[in-house]
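Structural characterization, general
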Amino acid sequence: MITIGKGIFHLSGDAFSYIFRVLPEGYLQHLYYGRRLSGYIDSEDLFPPHARSFSPNFPGSSDNRYSLDTLACEFPVFGTGDFREGAFLAERRDGSRVVDFRYEGYEILSQKSRPDGMPGYRGGETLSVRLKDTLSGCILTLYYTVYEKEGAIVRRAELLNGGEMLRLLRLMSFCVDFPAQEYDVIALSGAYAMERSPVRMHAEQGIFRISSARCASSHAHSPFLALAERDATEETGQVFGFSLVYSGSFVLRTERDALGSVRVTGGINDSEFCWTLQGGEKFCTPEMAIVFSDKGIGSMSRAFHDLIRGELLPLNRQDTPVVLNSWEACGFSFDPQSLSELIHGAAELGAECFVLDDGWFSKRSSDRSSLGDWVANTEKLGGGLDSLARLCRKNGLRFGLWVEPEMISRDSELYRCHPEWCVHCKGLAYIESRNQLVLDLVNPEVREYIKSCMDKLFSSAEISYVKWDMNRNVTEALSYALPEERRAEYSHRYVLALYELLEYFTEKYPQIFFLGCSGGGGRYDAGMLYYFPVQWASDNTDAADRCHIQYGGSYVYPLCTSDNHVSSCPNLSTGRTTPLKTRADVASLGGFGLELDPKRLSQQEREELHGYIARQKKLRKLVADGDVYRLKDPFSGNEFCMEVVSKDRKRVYAVWVNMLAPANPPQPRLRFRGLDSEKAYRVEETGKIYGGDVLMNAGLPLPLPYGDFISGTFTLSATERREKYD
Ligand code: DGJ
């Protein structure tokens, strides 16, 4: 709900309020963000201004109690007294960077719009607040869309240059100034093959930032941050979560100032950002989703899951098919015989789709060649893609294909014809990564080439599944297709060009299931999820590591967005051997697939796997749509457990893993959460029935671990509560 009165804007949901006001001078003062308040605040009483040494007055004012240095600001800028990190920075022709935005007016829009050329949440009622820079004439519009049930606000900013040309150096998507208090900052950090580990630290005085400068959100940081009360836990305490809808170079910052308040800002990374804005031109930031929870980190995650599933993922999204992907089965080395065996093996196990990964085109038999030449290698395939697709169909399987459209190999026909199409810097030797270069997507000719190649593939060979990969990051970020004064705009323009392609393909081929991938989870962000609702979570398929990767990812992203495959042991990334059951149980918490050669399995393993695939088909709706509870944290102990509860609380599925087996361990126990204490539940694995309250409070004893990396699943369904269980 959005209510406005006496210059006070009150955005509220079922359980939160977000309030700011317009000061008489026209500055926006942030007043409150937290648990829902019944009415407005008489802010003069509740937020007494104080004179502070070295905090300058408002421009032209003699009242030293008000200063932009100490004000909680809704959108802070440079040059008029706020010495903290601002949300806006621009340079005018005369070199001046001072701006002075004052309130102009507001509108309530019945429909939410998306930022131009970028992904965004669906949504309704939206507040737009207009500010005008008294110096340059620029108009800054701040957008707020409220999601009452989810407890979320989606924000973004837009700058319209109403005056002379300027260079925009920073425009954040949002800012929230929190009152002086002790906070922790939580981020999801990691590396290639070890993505999204939650890290938590005290917000000390000074600046903490996570960012990417790679033109991709990166393996190192997810574009997410949370600010939590210091004693907030998984189940208790206030937590504010911030998730950016952007797939390129981003930044999220917290700054604790000298008086203890904490500012959170985020958006496009401004470290090398520069955008020329001529008079009359507009610049839009990506969206930032903000979630408030007063029931801990778990409830923040469930709010993000509801928001992302309900308002961001494509409306027509399909169930994730159970695939067999060829990558870990055979890499680049396959022939018609081995492909046909893989397809038969996949069908026998009950898979629904066969995905041919890298190595199927031109003369590609290693990562050294052929990116850009998207023509089937008929020798390796034993015919065209059509014949492979037919073979899949005959075996009752869909057919899927791996592509990496953003890249070019030096050893390719495409490079020989168009050496100028790769991203490069004249005078500097080319910078390769994984033996490949990046195509200059900003050049419209390149985008047309990609469209025509992929159109041929996507429309000709009954392809109903596409894995879109990106295996290196962008260096030499500039394009000679841009006029000189716009070359520095490259990083953001790359992302806009990518979004244009993704929009084109997803709209044109709604029947295709698109899986996003960037060497695993190197571009697993809310921006990509808008187009590709499932991401290959990591190249690391080791079940023990996956417990960590999937646990961290669930802080923001719903389980249905994570693709998880059962692979062979010893694991390719870690050399570790884990039981097949554990690999399947961990993979079942999301999109489920296989990354192995069935003919190398024993008959017993094949039967077991057949069972897990059948189980997955029954469970996948629950896993995709249910509420997630993280019951045991593998980062702080030896156990992992995640539980999914259906929205009507009638079906429950939990996966538990014990990492290393200690000798003579204490009795491990699983206390469920989110059940209905009035109901009784039948545990499918044992046939026993317990009251919901018993399961949540007394809990179930877990097997005493014997052997490393053992797992267990608990599949519960609500049943009539009978007297003896009460
Ligand atoms: C990186 C991906 O993450 C892998 O799954 C695989 O598709 C390879 N690229 C292929 O080159």
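The model shown is predicted, which means the values in this text are computed figures rather than measured ones. (Residues numbered from 1 in each chain as written. Predicted model: local features only at pLDDT ≥ 70, side-chain atom pairs only at ≥ 80, totals over all residues. Heavy atoms only, no water.)

1. Overview of helix 2 (residues 296–311)
Compared with an ideal rise of 1.5 Å per residue, which puts 16 residues at 22 Å, helix 2 spans 23 Å between its outermost C-alpha atoms and is within 8% of the ideal. With 14 of 16 residues buried, helix 2 lies mostly within the body of the structure. (Helix = DSSP H or I, 4+ residues; strand = E, 2+ residues; numbered from the N terminus. Expected span 1.5 Å × (residues − 1). Buried < 20%, exposed > 50% of the residue type's maximum accessible area, 1.4 Å probe, protein only.)

2. Here's the deal with the site of the ligand
Close to the ligand lie 13 residues; Asp357, Asp358, Lys467, Asp469 and Asp539 are nearest. In the environment of the ligand, a nitrogen atom lies 2.7 Å from a nitrogen or oxygen atom belonging to the side chain of aspartate 469. Within the side chain of asparagine 471, an N or O atom sits 3.4 Å from a nitrogen atom of the ligand. Burial of the ligand by the protein amounts to 98% of the accessible area it has alone, namely 290 Å². Residues that form the shell around the ligand fall into these classes: 4 nonpolar, 3 polar and 6 charged. (Near = heavy atom within 4 Å. Polar contact = N/O pair within 3.5 Å; in protein donor to acceptor, adjacent residues only side chain to side chain. Areas by Shrake-Rupley, 256 points an atom, 1.4 Å probe, with all protein chains shown as cover. Nonpolar A, V, L, I, M, F, W, Y, C, P; charged D, E, K, R; others polar.)

3. What about unusual backbone geometry?
A cis amide bond links cysteine 569 to the next residue, proline 570, at an omega of -5°. Residue position: proline 570 is located in the loop between strand 29 (562–567) and helix 12 (580–587). Here cysteine 215, not a glycine, exhibits a phi torsion of approximately 60°, which is positive. Residue position: cysteine 215 is located in the loop between strand 13 (206–211) and strand 14 (221–229). Using a relative accessible area of 2% as the deciding quantity, one classes cysteine 215 as buried. Notably, serine 370 is not glycine yet its phi reads approximately 80°, a positive angle.

4. A short note on the sheet that holds strand 28 (residues 534–536)
Sheet strands pair by backbone hydrogen bonding; their relative direction is either parallel or antiparallel. If you walk around this closed barrel you meet the 8 strands as 21-22-23-26-27-28-29-30, and the pairing is parallel. Sheet twist, expressed as the average angle between the axes of neighbouring strands with direction ignored, equals 30°. Bridging between strand 26 (residues 463–468) and strand 27 (residues 513–516) involves 4 bridges; their strand directions are parallel. Bridging across to strand 27, lysine 467 finds its partner in leucine 515. Running at roughly 150° to strand 22 (residues 353–356), helix 4 (residues 336–349) makes contact with strand 21 (323–325), strand 22 and strand 30 (591–595) of the sheet. Together, strand 22 and strand 23 (398–403) form the strand contacts of helix 6 (residues 385–394), whose direction differs from that of strand 23 by roughly 140°. (Pairing = 2+ DSSP bridges. Axes fitted to C-alpha atoms, helices over the stretch in contact; angles between N-to-C directions. Contact = heavy atoms within 4.5 Å.)

5. Here's the deal with the packing of aromatic side chains
Enumeration over the complete set of coordinates arrives at 48 aromatic pairs. Ring geometry for phenylalanine 9 versus phenylalanine 20: centroids 4.9 Å apart, planes at 10°, classification stacked. Taken together, the residues phenylalanine 9 in strand 2 (residues 8–12) and phenylalanine 20 in strand 3 (residues 16–22) connect sequence positions 11 residues apart. A relative accessible area of 1% means that phenylalanine 9 is categorised as buried. Assessed through its relative accessible area of 0%, phenylalanine 20 is described here as buried. Seen from their ring centres, phenylalanine 514 and phenylalanine 532 are 5.1 Å apart, and the 10° between their planes marks the pair as stacked. On the criterion of sequence distance, the pair formed by phenylalanine 514 in strand 27 and phenylalanine 532 in the loop between helix 10 (526–531) and strand 28 is long-range, its members being 18 residues apart. Since its relative accessible area comes to 0%, phenylalanine 532 is described here as buried. Positioned over the ring face of tyrosine 504 is lysine 451, at 4.8 Å from the centre of the ring. (Phe/Tyr/Trp six-rings, centres within 6.5 Å; stacked < 30°, edge-to-face > 60°. Lys NZ or Arg CZ within 6 Å of the ring centre and 35° of its normal.)

6. Digging into the environment of tyrosine 40
Tracing the backbone through its elements, the reader meets tyrosine 40 in the loop between strand 4 (28–35) and helix 1 (43–46). Separated by 518 residues in the primary sequence, tyrosine 40 and proline 558 have C-alpha atoms spaced 34 Å apart. Sequence-distant contacts of tyrosine 40, that is, excluding residues within four places in its chain, are made with Thr3, Ile4, Gly5, Ile8 and His10.

7. Quick look at empty space enclosed by the protein
Under the criterion given, the structure shown has 7 cavities of 30 Å³ or more. Counted as a void, the largest cavity has a volume near 160 Å³. Lining the largest cavity are 15 residues, and of these Tyr27, Leu68, Phe75, Val77 and Phe101 lie nearest its centre. Residue classes in the lining of the largest cavity are distributed as 10 nonpolar, 2 polar and 3 charged. Taken as a whole, the second largest cavity encloses approximately 70 Å³ of empty space. Lining of the second largest cavity is provided by Tyr246, Ser249, Ile268, Asn269, Glu272, Phe273, Cys274, Trp275, Ala488, Glu489, Ser491 and His492. In terms of residue class, the lining of the second largest cavity is built from 6 nonpolar, 4 polar and 2 charged. (1 Å grid on protein atoms, 1.4 Å probe; cavity = no way out; pocket = protein on both sides within 12 Å on 5 of 7 lines; lining within 4 Å. Points joined across faces, edges and corners; volume = space filled by probe spheres on them.)

8. Brief notes about the pattern of salt bridges
Summed over the entire model, instances satisfying the criterion amount to 56 salt bridges. Between glutamate 158 and lysine 282 there is a salt bridge, with its nearest N and O atoms 3.9 Å apart. Of this pair, glutamate 158 sits in strand 9 (residues 152–160) while lysine 282 sits in strand 19 (residues 282–284), and the two are 124 residues apart along the sequence. Classification of lysine 282 as partly exposed rests on a relative accessible area of 39%. A single network of salt bridges, built from pairs that share partners, joins Asp82, Arg84, Asp177, Asp257 and Arg263. (Salt bridge = Lys/Arg side-chain N within 4 Å of Asp/Glu carboxyl O.)

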